[in-house]
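# A closer look at the structure
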Amino acid sequence: MIPAIGLLLGIAAGLLFDVQVPLTLQPYLPIAVVAALDAVFGGVRAVMDGVFDDKVFVISFISNVLIAAFIVFLGDQLGVGAQLSTAVIVVLGIRIFTNVANIRRHVFHA
Amino acid sequence: MSLLNDLFQNSIDEGYAEAAARREAEGKPASSGSLPARSPAIMIGLLLIGLLFTTAAMHVQRDAGVVSAEKTSLLEQIDQASDRSTTLEDEVSELEDDILEIETRAGQSVVQGEELRQLMAAAQAVVGTAAVSGPGIVVTVNNPAPGGEFDECDPSLQVVLDYDLQQVLNGLWAVGAEAVSINDERVTPLTAMRSVNDVILVNIRPIAPPYVISAIGDPQRLAGEFLDGPGGRYLQQIFQTCGIQFTIENRESLRLPRGAASLQVAEPPTDSTEARRRS
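How each quantity is defined
Residues numbered from 1 in each chain as written. Chains lettered and ligands numbered in written order. Predicted model: local features only at pLDDT ≥ 70, side-chain atom pairs only at ≥ 80, totals over all residues. Core = buried A, V, L, I, M, F, W, Y, C linked by C-beta atoms within 7 Å. Buried ≥ 20, exposed ≤ 12 C-beta atoms within 10 Å, placed from the backbone. Helix = DSSP H or I, 4+ residues; strand = E, 2+ residues; numbered from the N terminus. Contact = placed C-beta atoms within 7 Å. Pairing = 2+ DSSP bridges.

If you look at the biggest cluster of nonpolar residues, it comprises 36 residues, and the most contacted ones within it are Ile 31, Ala 32, Ala 35, Ala 36 and Ala 68 of chain A together with Tyr 16 of chain B. Those elements that provide at least two residues to this core are α2 (29–49), α3 (54–78) and α4 (81–108) of chain A together with α2 (14–25) and α3 (40–127) of chain B. The dominant element in this core, judged by the number of residues it contributes, is α2 of chain A, at 10 residues. Discounting residues that sit within four places of it in the chain, Ala 68 of chain A has contacts with Ile 31, Ala 32, Ala 35, Val 88 and Leu 92 of chain A.

On to the sheet that holds strand β2 (residues 179–182) of chain B. All names here are of chain B. If you trace the 5 strands from one edge of the open sheet to the other, you get β3-β2-β7-β1-β8, paired in antiparallel fashion. Looking along the sheet, the strands with just one partner apiece sit at the ends: β3 (185–186) and β8 (245–256). Relative to β3, β2 is paired through 2 bridges, and the arrangement is antiparallel. Residue pairing for β3: Ile 182 is matched across the bridge by Glu 185.

With 40 residues of chain A in contact, the opposing surface of chain B contributes 35 residues. When residues of the side of chain A that touches chain B are traced back to their parent elements, those giving at least two are α1 (2–17), α2, α3 and α4 of chain A. When residues of the side of chain A that touches chain B are assigned to their parent elements, the largest contribution, 11 residues, is made by α1 of chain A.

This part is about the pairing of strand β4 (residues 193–196) of chain B. Where β4 of chain B lies against strand β5 (residues 199–202) of chain B, 4 bridges are found, and the strand directions are antiparallel. Within β5 of chain B, the position partnered with Met 193 of chain B by the bridge is Val 202 of chain B.

Residues and elements named next belong to chain B. The step from Pro 209 to Pro 210 runs through a cis peptide bond, and the omega angle for that step is -5°. By secondary structure assignment, the location of Pro 210 is in the loop between β6 (205–207) and β7 (211–216). In this model, Asn 203 sits at a positive phi of 55°, which is unusual for a non-glycine residue. For Asn 203, the position within the fold is in the loop between β5 and β6.

All names here are of chain A. Note on placement: Ala 35 falls in helix α2. When the 29 C-beta atoms within 10 Å are taken as the criterion, Ala 35 is described as buried. The sequence separation of Ala 35 and Ala 69 amounts to 34 residues, and the corresponding C-alpha distance is 8.7 Å. What Ala 35 contacts, discounting residues up to four positions off in sequence, is Asn 64, Val 65, Ala 68 and Leu 92.

Structural measurements only, silent on function.
Following this line, the structure appears as structure tokens:
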């Protein structure tokens, strides 16, 4: 129950406060979203596998987002931002797909 | 490939497995999923996730708004530009029509100008203010050869008089001469021919015998009819009575100079309709 309240609170905060993302951080927002998705599906799969740990979930989520954004930022500074973005998306995408496939196997046994 | 394989096999965070192993070692269940409700960590995590997703969604929406506003303004600009282009095309076609009209008018005025020039040239040729050339005849009249006896003739008449030349001129006009000159003095409507102190003046210039009268016209008609006409008969008469010599020659090509016939006092009508009515 409390996690659901937390999610709703987050959504409400986002809607109410209309958080203005600084212009310099705007390019990293999509990457952060994908990294967060990866953490979420990883967490869900951990629950399915019966190995879920809340601390690991939160820390992996935060570190995923930060590291993905940092890698892209670094790429931007080096002039290969677009390529590194692609790399991060590919890696995270593969992980998301694998995790979702695993969850699907757990749910549908197929 | 090993990287990719690794990615596929360890798609879940390894932290989960370690945490589970640690918990199992402590004799707790492998998953902390049984008591997530009391976990502040998962609440903070989900709050952050919600915040992140909402922010991203709103950001994308705002961007879309900006993009669509830009698109709308671009579409408006395109509409305006195409309206303007249509207007300009209309203007171009109107102007082309104008150009066509003006060109037609200019062409007409060129034609009219050409006609006017021809009329003018013809008028000048007739009046004598332009040089003319063409076939014709030359009548040469001269004083009697010395030694001739003409008792019936008054001695004062034994020279060529202005009257004689006037008769020749009239005779020439009568048989269709179109332009006449005497000793290269063109005869115009303003030409006077008179004698002053035994000298004949034409166009107020003295001329001396022999008097060469050139006339342009149909040479056969001139040559044939002049001799039988009043001019020819008069010449024959004064030849017989007073010995005035004359010759008539056909010429295939004559060139008569232009004469002066400028108006000093008389004024042509300035109103064109009046001029047309009078003419």
